[in-house]
Amino acid sequence: MTRAAVPVVLLLTFVNVSASERYDSRLQFRSIRTEHFTIHFHQGEERDAARLARLAEEVHVALSPQLLALPRRHTHVILVDQHDEANGWATPLPFNMIEISLRAPSPSGTVGHTDDWLRLVFTHEYTHILHLDRSRGVFRALRGVFGRAPVAYPNVFLPGWDVEGLATFYETAETGAGRLNSGDFRAIVDAAARAGRFEPIDRTTGALVGWPGGHAPYAYGAQFREYLARRFGEDAFGRLADATSGRAPYMPGGAYKRVFGATTRELWREFLRSRAATAPGAPVPTPGMTRRTRDGFLAAGPRWLPDGSILYSARTPHAFPALMRVPPNGGPPERLANRYLGERLAVSGTLVFFDQRELTRSTALQSDLFVLNLDTREVHRLTKGSRAVDPDVSADGRWLIAAVERQGAGSIVRFPVERRGGKPSLGVATTVLHEAGTQFGAPRFSPDGARIAVERRRLGALPHVAIIDAASGAVAATITAGQGRVGEPEWTGSHRLLVTWERPAAPSAIVSADLETAASTFVVAAVDGARSAAVSTRDGRIAFIGYTPDGYDVFVSAGAAVEGLPAALSIRREDAPALPVAAQTTAASIQPSRPYRPASAVPRFWMPIVQADQDRFEIGAGTAGIDALGRHAYAGTVRWSDRTRPDWNAVYLYDRLRPTFFIAASDDVTVWQDADYRETSLDAGFSLPFRTVRRRQTLFGAFHATRERDPSAEFDRRSLRAGYQVTTARRFGYSVSPEEGILAGVTAELTRRVLGADASAATLSADIRAYSRAGGRHRVLALRAAAAASWGDRAGRRVLGAGGPAAPGSSLSFGRDAVGLARGFHADDITGYRAAVASIDYRTPLFIVERGLWRLPVFLRQIHAAVFLDAAHAWTTRFRAADLRASTGVEASADVVLGHYVPLTLVSGIAFRRDRSGARDGPAIFARLGCAF
């Protein structure tokens, strides 16, 4: 689950909430209204939407008194089944809104410790609404004047450990499941406390890249809330939420002092001492256990190869997620192929079958099956739209099985493995087992292929392992635990398996289970969590994923039983009966569903505008709005000064279909040399993205009209605009800039009298940027070349600028600044009807800091530097090499996160300019936000 959305930024950045990139346009939404909620859902979700409507009212009745809160308006809840990743988010602005992915988390994952995903995720997200949708004192007065403006809601400015910590605490306190009852989740803090690596409070706001990264605000924040509840009582959290909602943004310390008698930093130090004193002792090392990787962060799904090497999946902040191989005799892991998400692998000879996520129709992140040929290193896609995860292959290589989840029902499916054109392929899938209200994961064939062991989570019960007859789909046996969960089965014989058992509030361990004798024995229990066992057919050693304060790595154990730790698994030779789902405790009044209506797009706030424009003072107001599904979005401002005519601008986006259609209009005055220059403009067009995980392409088209008036003349421009951009450029957690791939784009503008223009002209531009690693981790060689030309009637030509400290952020740029980048020169220093620039940067990281700055809401991630060479030229009639301008220099940059959630790169530098005219020779200091290009 993501942290609560930060509406200050998202509200006006409509591309981040646009419907065409959030939801497949084929989804038809309807709405159910209850007393406190409106549930929006699409076809196929009728049953789950009705259940969510009832449990939402239950959660409201239970949580509202706890947090002393009662939202003043309906909360909109969007239920969507299109992603194969569990997720949810919440925001109180511009209105209370929650989105929930129906896809439940993996039964064995950290978030998977639940018997009811919808109840868990809704409890978490609704806690955000009750926490953030409140104002007290002067802020309540501000809300009365300005409506639902961000400035009236101080709690939305709280750090991640506060916001996510409270929600994660209540997801456990109110459901009895959740992450605080997961031993692997608790190990994040326990292992750090035991190793003397307990995170200071400023590293848990949500901006941390280093491990535990995005888990930090959840893990530390939830256990901090648990500590406060033990000391002061859970009822203090409602009083605290009220206290912080009346204090200035970013200044919650006084509220903590008022409620708990100590500041946040004082309480955090006491929390540290408590965890260091009570964290479980260091586990006894298992004989023969060795650590085979040291990358930390996230490793998953180890599998042995016949030569004794180990395959696994890795995700770190240094590179694209990948399939990796550990050599049989040690040494650094080798990268075999990219793999975006997905965990488990299946090996058959020289073929490695795996799942990974890809964007479908540019919107839905869905899983499909792929195969890697170890001899050729080629990756081949096997399915499209299957939504299959966790593949396994039978010992004879003839069959592949996988788990599928759609619309709240789970299936185990089987594919015949075939060969077409010399490449492996899959035949038509058949369903082995299908259960409503159930999720399956990690299916594994028995050695003879007759049975399948699989994780299973039924509604109302924690995950367990089921043994299925491969032919009939009947469940023949189950492995459960009285408390905790069991998963990730791995066959070690015809009737023996290794399973991962997560004991209550203790790290997971690997246990051997015998289906014949019903006996179970600990095999690996010597690190802060051991899971995902794979057994070598050569010597019986066990490869597994173990947790350390660095994150997850691959370990190897001899596989001997651990003495003195009796397992307490229940092994049955029949199917475990389904537990009855708890009866509804609230008789919620639910109205019949109706087609979705975008009434939520009505304006809900306005903000004053006060600004100085040259020597004139302007006052005004602005507003914006968007509906729950992001189909309609708009924003507008109006400003007055001593002029009789106000300045204004307005924009509207319609985003129901794949293209985003927009219309924007403005009427503004700029002052130059004490004269007013007024421009009235209208733009109407579309933007059509084509997205995959590794590439994004955008088509753009628009009609552009302007009327430019100065004291002596008036000019009308009417143009057709078109553009195309493609990018494969990638950034990773510790990147100082894009460091792999390209970004390229072309634009064209055609101005014609027939369209109503005062002159006919045309402008073309092209921009290409390339990035490559050079000389070490995150060191980047960045290249850029761009050119533009305008021709036609002199009055209609574009004057192009080649100067400036930064290139346009997008290559889909029109007008004067479509090309410019020459550091040390101003945009107007190099102008003409034709312009060209070329740049070379070498960028290198200097220091990883990752600390907050005193008590300010500022987090300094890292400092980096660059050396550069820019060359630029603009001309009117013919190119003259003698007029070429150039600059060389250095930049120093700092990556910071402001206000806990807004990342920025602050850059300053010095350029040494070479200008043969002498007008702009010598050194010049410059500054900007973001990379040069």
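Residues numbered from 1 in each chain as written. Predicted model: local features only at pLDDT ≥ 70, side-chain atom pairs only at ≥ 80, totals over all residues. Heavy atoms only, no water.

Undergrad: Got a minute to help me understand the overall build of the protein chain in this structure?
TA: Scanning the protein chain from terminus to terminus reveals eleven helices and 50 strands. Relative to its length of 933 residues, the protein chain is compact, with a C-alpha radius of gyration of 30 Å against a globular reference of 30 Å. With respect to the three principal axes, the spread of C-alpha positions in the protein chain is 100 × 65 × 55 Å. The proportion of buried residues among the 933 residues of the protein chain is 58%. Residue pairs at least 24 apart in sequence account for 57% of intrachain contacts in the protein chain once pairs closer than 6 positions are excluded. (Helix = DSSP H or I, 4+ residues; strand = E, 2+ residues; numbered from the N terminus. Rg over C-alpha atoms; globule rule 2.2 N^0.38 Å. Buried < 20%, exposed > 50% of the residue type's maximum accessible area, 1.4 Å probe, protein only. Contact = heavy atoms within 4.5 Å.)

Undergrad: Looking at this model, I keep getting lost on the packing of aromatic side chains. Mind explaining?
TA: Here a ring pair, both rings aromatic, is described through the centre-centre distance and the interplanar angle of the planes. Evaluated as defined, the whole model comprises 35 aromatic pairs. Between Phe 232 and Phe 260 the ring centres are 4.7 Å apart and the planes differ by 45°, which places this aromatic pair in the tilted class. Taken together, the residues Phe 232 in helix H8 (residues 216-232) and Phe 260 in helix H10 (residues 253-260) connect sequence positions 28 residues apart. An aromatic cluster of at least three residues, connected via ring pairs, comprises Trp 161, Phe 198, Tyr 220, Phe 224, Tyr 227, Phe 232, Tyr 256, Phe 260, Trp 268 and Phe 271. One residue, Arg 414, lies across the ring of Trp 399, its end atom 5.1 Å from the ring centre. The ring of Phe 690 is capped by Arg 658, whose NZ or CZ atom sits 5.2 Å from the centre of that ring. (Phe/Tyr/Trp six-rings, centres within 6.5 Å; stacked < 30°, edge-to-face > 60°. Lys NZ or Arg CZ within 6 Å of the ring centre and 35° of its normal.)

Undergrad: Is there a simple way to explain the sheet that holds strand E21 (residues 451-458) in this structure?
TA: In any sheet, the strands associate via hydrogen bonds between backbone groups, in a parallel or an antiparallel arrangement. Read across the sheet, five strands follow the order E20-E21-E22-E23-E31 without closing on themselves; strand pairing throughout is antiparallel. The strands lining the two open edges of the sheet, one partner per strand, are strand E20 (438-445) and strand E31 (569-572). Here the average twist between neighbouring strands, direction ignored, is 20°. (Pairing = 2+ DSSP bridges. Axes fitted to C-alpha atoms, helices over the stretch in contact; angles between N-to-C directions.)

Undergrad: Any chance you could explain the pairing of strand E3 (residues 75-80) here in plain terms?
TA: If a strand is regular, its side chains alternate between the two faces of the sheet. Here E3 lies mainly inside the structure; six of its six residues are buried. Going residue by residue along E3, you find Thr 75, Val 77 and Leu 79 tucked away on one face and His 76, Ile 78 and Val 80 tucked away on the opposite face as well. In this sheet, E3 lies alongside strand E2 (residues 37-42) in parallel orientation, the contact comprising four bridges. From the neighbouring strand, Phe 37 faces E3, where its bridge partner is Thr 75. Note that E3 and strand E5 (residues 97-101) share five bridges and pair parallel. Residue pairing for E5: Val 77 is matched across the bridge by Ile 98.

Undergrad: Got a minute to help me understand the nonpolar core in this structure?
TA: Here is a general trend for soluble globular proteins: nonpolar side chains tend to be buried in one another's company. Judged by nonpolar contacts, the single largest core of 85 residues is most densely connected at Phe 122, Tyr 126, Phe 224, Phe 237 and Phe 260. Here this core gets nine residues from one element, more than from any other, and that element is H8. Contact partners of Phe 237, with chain neighbours within four places excluded, come to Leu 67, Leu 166, Phe 169, Tyr 170, Arg 225, Leu 228, Ala 229 and Phe 260. Listed in part, the 20 residues of the second largest apolar core include Val 486, Ala 513, Phe 522 and Ala 567. (Core = buried A, V, L, I, M, F, W, Y, C linked by side-chain atoms within 4.5 Å.)

Undergrad: Whenever I open this one, H8 confuses me. Can you help?
TA: Spacing of three or four residues puts side chains on the same side of an α-helix, whose turn is 3.6 residues. Taking 1.5 Å per residue as the helical rise, H8 with its 17 residues ought to reach 24 Å, and the 23 Å between its terminal C-alpha atoms agrees with that figure. Two residues or fewer past H8, Gly 233 is found with a positive phi of approximately 95°. (Expected span 1.5 Å × (residues − 1).)

Undergrad: Help me understand the sheet that holds strand E8 (residues 310-315) in this model?
TA: Strand order in the open sheet formed by four strands is E7-E8-E9-E10, with antiparallel pairing between adjacent strands. What marks the edges here is a single partner per strand, and that holds for strand E7 (298-304) and strand E10 (334-338). This sheet shows a mean twist of 25° between the axes of neighbouring strands, independent of strand direction. Pairing of strand E9 (residues 322-326) with E10, which is carried by four bridges, proceeds in the antiparallel orientation. Paired with Ala 322 across the two strands is Asn 338, which belongs to E10.

Undergrad: What is the right way to look at unusual backbone geometry in this model?
TA: Of the consecutive residues Leu 93 and Pro 94, the connecting peptide bond is found in the cis state with omega at 0°. Along the chain, Pro 94 falls in the loop between strand E4 (88-91) and E5. For Ser 362, which is not glycine, the phi torsion reads 65° and is therefore positive. In this structure, Ser 362 sits in the loop between strand E12 (351-360) and strand E13 (364-373).

Undergrad: Mind showing me how you'd approach the side chain of Arg 456 here?
TA: Turning to its location among the elements, Arg 456 is positioned in strand E21. Look at Arg 456 and you get buried, because its relative accessible area is 0%. A distance of 3.1 Å separates the side chain of Arg 456 from the side chain of Glu 435, its partner in a polar contact. Looking at Arg 456, its side chain comes within polar contact range of the side chain of Asp 575, at 2.5 Å. Those residues within four positions of Arg 456 in sequence are excluded, and the remaining contacts are Glu 435, Thr 438, Gln 439, Phe 440, Leu 462, Pro 463, His 464, Ala 466, Val 475, Thr 478, Asp 575 and Ala 576. (Polar contact = N/O pair within 3.5 Å; in protein donor to acceptor, adjacent residues only side chain to side chain.)

Undergrad: Please explain the pattern of salt bridges as it appears in this structure.
TA: Counted under the stated rule, the structure contains 77 salt bridges. In this structure, Glu 891 and Arg 823 form a salt bridge, with 2.9 Å as the shortest nitrogen-oxygen distance. Here Glu 891, found in strand E48 (residues 885-898), pairs with Arg 823, found in the loop between strand E44 (800-801) and strand E45 (831-832); they are 68 residues apart in sequence, far enough to count as distant. What you see here is one network of salt bridges that share partners, running through Asp 184, Glu 343, Arg 344, Asp 390, Glu 455, Glu 488 and Arg 531. (Salt bridge = Lys/Arg side-chain N within 4 Å of Asp/Glu carboxyl O.)

Undergrad: Is there a simple way to think about helix H3 (residues 46-67) in this case?
TA: When the terminal C-alpha atoms of H3 are compared, their 31 Å separation across 22 residues agrees well with the 32 Å that a helix rising 1.5 Å per residue should span. Looking one or two residues past H3, Leu 68 carries a phi angle of roughly 50°, positive in sign.

Undergrad: So what exactly am I meant to see when it comes to a nonpolar patch on the surface here?
TA: Nonpolar side chains collect at one region of the surface, where Leu 781, Leu 783, Ile 840, Tyr 842, Val 867, Leu 869 and Val 890 lie side by side and expose about 530 Å² of accessible area between them. At the level of elements, strand E43 (780-792), strand E46 (834-852) and strand E47 (858-875) are the ones that each hand at least two residues to the nonpolar patch. (Patch = residues over 30% accessible without salt bridge, like charges linked within 9 Å, V, L, I, M, F, W, Y side chains within 5 Å. Areas by Shrake-Rupley, 256 points an atom, 1.4 Å probe, with all protein chains shown as cover.)

Undergrad: Just checking my understanding: could you explain the environment of Leu 382 for this structure?
TA: Among the structural elements, Leu 382 can be located in the loop between strand E14 (379-381) and strand E15 (388-393). Looking at Leu 382, the relative accessible area reads 14%, which means it is buried. Considering only alpha carbons, one finds Leu 382 and Ala 409, 27 residues apart in sequence, at a separation of 23 Å. What Leu 382 contacts, discounting residues up to four positions off in sequence, is Phe 353, Leu 369, Phe 370, Val 371, Pro 424, Ser 425 and Leu 426.

Just distances and angles here, no functional claims.
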